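# Fold and geometry: a report
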Amino acid sequence: MFHLCGKLISNNRILADSTICNDDPFITRTKKIFAALDTICHDFDLSVPIWLDSNIEEFQRTSRTRFYKDNFIDEIDFDYLQIEVTQEDED
């Protein structure tokens with residue numbers, strides 16, 4: 001089972017959180033990440049953030065990244081959106 005957790009953070013407080021699960025063994029990890037991020041953004045009524053090189057590098061190293069105001073086209077009313085893979089598929 002694959003789980004990706006998303007949290008909206010403002011002033012070091014969690015405003016909202018959501019965990020998306022995906023158990024489809026036929027899609028890649030990357031597609032699961034993008035699909036989960038789309039769902040989280042839909043749940044939080046946000047535009048999907050733009051992945052900058054720094055986000056990609058951080059996510060590849062730690063399976064976690066933060067999206068700040070520079071990642072969004074629209075104005076945001078929180079400090080950042082954090083996503084993290086909390087459970088990976090088992091082979």
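Quick caveat, the model's predicted, so the values are computed rather than measured.

## Considering the packing of aromatic side chains
Counted according to the given criterion, the structure contains 5 aromatic pairs. When the centroid spacing of 5.6 Å and the interplanar angle of 90° are considered together, the rings of W51 and F59 count as edge-to-face. Among the residues examined, F59 registers a relative accessible area of 5% and is labelled buried. Between W51 and F67, the aromatic rings sit 5.1 Å apart at their centres with planes inclined by 85°, giving edge-to-face as the arrangement. Of the two residues, W51 sits in the loop between α1 (29-43) and α2 (53-62) while F67 sits in strand β3 (residues 64-67), which places them 16 residues apart along the sequence. Here W51 and F67 have matching classes, each one buried. Site record: aromatic cluster; members linked through ring pairs are F34, W51, F59 and F67.

## Digging into the environment of I33
Take I33: it is sitting in helix α1. The exposure class of I33 is buried, given its relative accessible area of 6%. I33 sits 26 residues away from K7 along the chain, and the two C-alpha atoms are 15 Å apart.

## Thoughts on the pattern of salt bridges
Scanning the model with the defined rule gives 2 salt bridges in all. E84 is the partner of R64 in a salt bridge, and the nearest nitrogen-oxygen pair spans 2.9 Å. Taken together, the residues R64 in strand β3 and E84 in strand β4 (residues 80-87) connect sequence positions 20 residues apart.

Conventions adopted
Residues numbered from 1 in each chain as written. Predicted model: local features only at pLDDT ≥ 70, side-chain atom pairs only at ≥ 80, totals over all residues. Heavy atoms only, no water. Phe/Tyr/Trp six-rings, centres within 6.5 Å; stacked < 30°, edge-to-face > 60°. Buried < 20%, exposed > 50% of the residue type's maximum accessible area, 1.4 Å probe, protein only. Helix = DSSP H or I, 4+ residues; strand = E, 2+ residues; numbered from the N terminus. Salt bridge = Lys/Arg side-chain N within 4 Å of Asp/Glu carboxyl O.

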